[in-house]
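# Breakdown of the fold
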Amino acid sequence: MMKEMMVNSHGQALSNGTGAGAVGAEAERVSSSRISSLLASPDRDYLLSPTGNQVKVSDLDGKIIGLYFSANWYPPCWNFNKVLVGIYNQLKNSSTTGSSFEIVYISSDEDTDAFVRYHAACMPWLAIPFSDLETKKALNRKFEVEGIPSLVILQPGDYKDGDEATLRDGVEIIYRYGVQAFPFTKQRLEQLEKEETEKHENQSLTNLLTNHDRHYLLGHGTPNQVPVASLIGKTVGLYFSAQWCIPCVNFTPRLVSIYNKIKEQMLVGDQQQDGEDFEIVFVSSDRDRTSFEAYFSTMPWLALPFDDPNIKELVKHFDVKAIPCLVILGPDGKTVTRQGRNLINLYKENAYPFTDAKLELLEKKMDEEAKSLPRSVYHGGHRHELNLVSEGNGGGPFICCDCDEQGCGWAYQCLECGYEVHPKCVEAATAAVTK
């Protein structure tokens, strides 16, 4: 159990006992000096608890330590902090892991008051004092922290330079595996990755969308329960979205239109004869049932029930970090792509069935069409000349400055300021002007 104590700021850490033998004492001294070299300073040998008490740095010796780089002013830090608090409390409340893990907050707050409020109200772990700028800067340099939130995991004895056991992508690991990632060793992560691969290889619509209490989805008819089994053999899109999310609300009408066009194509084309079909399942991140029901009423497809336990499992299984997100499953229940939203924006209804073979055909068609596009244009939304570029010629994945959706392949780009738009958005704007 880590102990709190009030000490003089110039006090020195004392030996934790005698009689343990020369070898043991030397090992303890070396390990303590390593952690002290990271977290202490010449005039400080303590960290701060959320209550403001001082905790000896040496009390962390032998523990797995998470160095948490964060700040109160940045929303992604607040979002991750809530997740990290839950993981921390689970580990600390466990009789097997509680004494072997600790987190240390390295602040990027604006001032002392902001640091104290954020640390005291939102964090149950320790922190380097806000005033110790040199130690905080040294840690940022040592671990090459380029953005926040960032979580660096150190194993016991892993406090020296060049140790490969240091885990620098702790934020991604926590989001991906949660408490199961403990003790955050290379062996444990390899085991989790193997289990994840096996789970994806064995995935089916049944094990993704059902549980022991429910084997149906919500529809809009009467009765409104649609068996999951009725989707087997179809191409299925899992639509992760929420009413409170502005990009989601903007994208949903576009997806409704594309969904209806795909269904219409099947009625007049050969797909229906081949037994093909397409369906979407809404996976809600809404905060209350009223919002869920209001948002779902705007959609022509199916949905998992509000607050269903499968929702969190699906978010984790498909590593959904942002919404809206459209994951496409093939007729066999296996993942075709997690980039359904981008493909809808690029190719509209022509993206169906979202397979690599179909996308290859669409890319070739896009390349052919690009041959007839003007090499440069002026666009009404921008004052500079725009040049036609491709991924192999100065372009790449981009966010269209006209429609705010992602694009790749061909684009019109401003070489002076980086402004980029889809060719279709330039064409649409030109057509509107000529009318």
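To keep things clear, this report deals only with the structure shown in the data block. Sequence order as written defines the numbering, with residues in each chain counted from 1. Where totals are concerned, whole chains, interfaces and linings use all residues; where local detail is concerned, this predicted model gives features only for residues with pLDDT of at least 70, and gives and counts side-chain atom pairs only at 80 or more. Computation of side-chain values: all heavy atoms of the structure, hydrogens and water removed.

### Quick notes on the side chain of Glu420
Counted only if it meets this: For the purposes of this entry, the term helix denotes a DSSP run of H or I that reaches at least four residues, the term strand denotes a run of E that reaches at least two, and both are numbered from the N terminus. Classification of residues uses two cut-offs on accessible area relative to the type maximum, computed with a 1.4 Å probe and protein chains only: under 20% is buried, over 50% is exposed, and between them is partly exposed. The charge count treats Lys and Arg as positive and Asp and Glu as negative. His and the chain ends do not count. For salt bridges, the criterion is a side-chain nitrogen of Lys or Arg within 4 Å of an Asp or Glu carboxyl oxygen. In protein, a polar contact means a hydrogen-donor-capable atom and an acceptor-capable atom, both N or O and within 3.5 Å, with residues adjacent in sequence counting only if both atoms are side-chain atoms; elsewhere, any N or O pair within 3.5 Å suffices. In what follows, a contact means two residues having at least one pair of non-hydrogen atoms within 4.5 Å.
With respect to the helices, strands and loops of the structure, Glu420 is situated in strand β19 (residues 420-421). Nearest to the buried, unbridged Glu420 among oppositely charged side chains is Arg375, at 14 Å. Of the polar contacts made by the side chain of Glu420, one reaches the side chain of Gln413; its length is 3.2 Å. In contact with Glu420, other than residues within four places in its own chain, are Val389, Phe398, Ile399, Cys400, Cys401, Ala411, Tyr412 and Gln413.

### Side note on the layout of surface pockets
Rules: Cavity and pocket criteria rest on a 1 Å grid covering protein atoms alone: a 1.4 Å probe that fits but cannot get out defines a cavity, protein on both sides within 12 Å along at least 5 of 7 lines defines an open pocket, and an atom within 4 Å of a point defines a lining residue. Grid points are joined across faces, edges and corners, and a volume is the space filled by probe spheres set on the points. All amino acids are sorted into three groups, where Ala, Val, Leu, Ile, Met, Phe, Trp, Tyr, Cys and Pro are nonpolar, Asp, Glu, Lys and Arg are charged, and the leftover types, Gly among them, are polar.
For the largest pocket, the calculated volume is near 1,500 Å³. What lines the largest pocket is a set of 32 residues, and nearest its centre among them are Val83, Tyr175, Ser285, Val315 and Val320. Of all the secondary-structure elements, those providing two or more residues to the lining of the largest pocket are α2 (75-92), α5 (170-177) and α10 (309-317). When its residues are assigned to classes, the lining of the largest pocket shows 16 nonpolar, five polar and eleven charged.

### A few points about the packing of aromatic side chains
Two measures describe an aromatic ring pair: the distance that separates the ring centres and the angle between the ring planes. We count it as follows: Whether two aromatic rings pair depends on their centres lying within 6.5 Å, for rings of Phe, Tyr and Trp, where Trp uses its six-membered ring; planes under 30 degrees apart make the pair stacked, over 60 edge-to-face, and the rest tilted. As a reminder, the over-ring test applies to NZ of lysine and CZ of arginine, requiring each to be within 6 Å of the ring centre and within 35 degrees of the ring normal.
This structure, assessed with the given rule, holds 26 aromatic pairs. For the ring pair Tyr352 and Phe354, a centre distance of 6.3 Å and an interplane angle of 85° mean the geometry is edge-to-face. For Tyr352, a relative accessible area of 4% puts it in the buried group. On the basis of relative accessibility, which here comes to 1%, the residue Phe354 falls in the buried class. Over the face of the ring belonging to Phe143 we find Lys142, whose NZ or CZ atom lies 5.5 Å from the ring centre. One Lys or Arg, Arg341, reaches over the ring of Phe251 and ends 5.8 Å from the middle of that ring.

### Some words on the sheet that holds β19
Under the convention used in this document: Two strands are counted as paired when DSSP detects at least two bridges linking them.
If you trace the four strands from one edge of the open sheet to the other, you get β14-β15-β18-β19, paired in antiparallel fashion. Strands at the two margins of the open sheet, each flanked by one partner only, are β14 (376-378) and β19. Pairing between strand β15 (residues 385-389) and strand β18 (residues 411-413): three bridges, direction antiparallel. By the bridge assignment for β18, Asn387 is matched with Gln413.

### A word on the environment of Leu415
Here Leu415 is to be found in the loop between β18 and β19. Leu415 sits in the exposed class, given a relative accessible area of 62%. Along the backbone, Leu415 and Leu386 are 29 residues apart, and their C-alpha atoms lie at a distance of 7.2 Å.

### A look at the nonpolar core
Generally speaking, a soluble globular protein has its nonpolar side chains buried in company with each other. Going by this rule: As used here, the term nonpolar core means buried Ala, Val, Leu, Ile, Met, Phe, Trp, Tyr and Cys residues forming a set that is joined through side-chain atoms within 4.5 Å.
Counting residues in hydrophobic clusters, the biggest one holds 71 residues, and the most contacted among them are Leu238, Tyr239 and Phe240. For this core, the leading source of residues is helix α8 (residues 246-268), giving eight residues. In terms of nonpolar packing, the next biggest core, distinct from the first, is built from 54 residues, Leu38, Leu47, Ala71 and Val171 among them.

### Some remarks on helix α6 (residues 186-201)
Put simply, the rule reads: Expected span of a helix, by definition, is 1.5 Å for each gap between consecutive residues, and there is one gap fewer than residues. Here the arc refers to the directions that run from the helix axis out to each C-beta atom.
Taking 1.5 Å per residue as the helical rise, α6 with its 16 residues ought to reach 22 Å, and the 23 Å between its terminal C-alpha atoms agrees with that figure. Among all positions in α6, only Arg188, Leu189, Leu192 and Glu196 are buried. Projected down its long axis, α6 carries its buried residues within an arc of 95°, all on one side. Within α6, the exposed residues directed more than 90 degrees away from the buried face are Lys186, Gln187, Lys194 and Glu201.

### A word on the pattern of salt bridges
All chains considered together, the criterion is met by eleven salt bridges. With its nearest N and O atoms 2.4 Å apart, the salt bridge here joins Glu196 to Arg176. Highlighted residues: Glu196 in helix α6 and Arg176 in helix α5, separated in sequence by 20 residues. Relative accessible area serves as the criterion here: at 17%, Glu196 is assigned to the buried category. A salt bridge links Glu279 to Lys263; the shortest N-O distance between them is 3.9 Å. With Glu279 in strand β10 (residues 278-284) and Lys263 in helix α8, this residue pair connects regions lying 16 residues apart in the sequence. Looking at Glu279, the relative accessible area reads 9%, which means it is buried.

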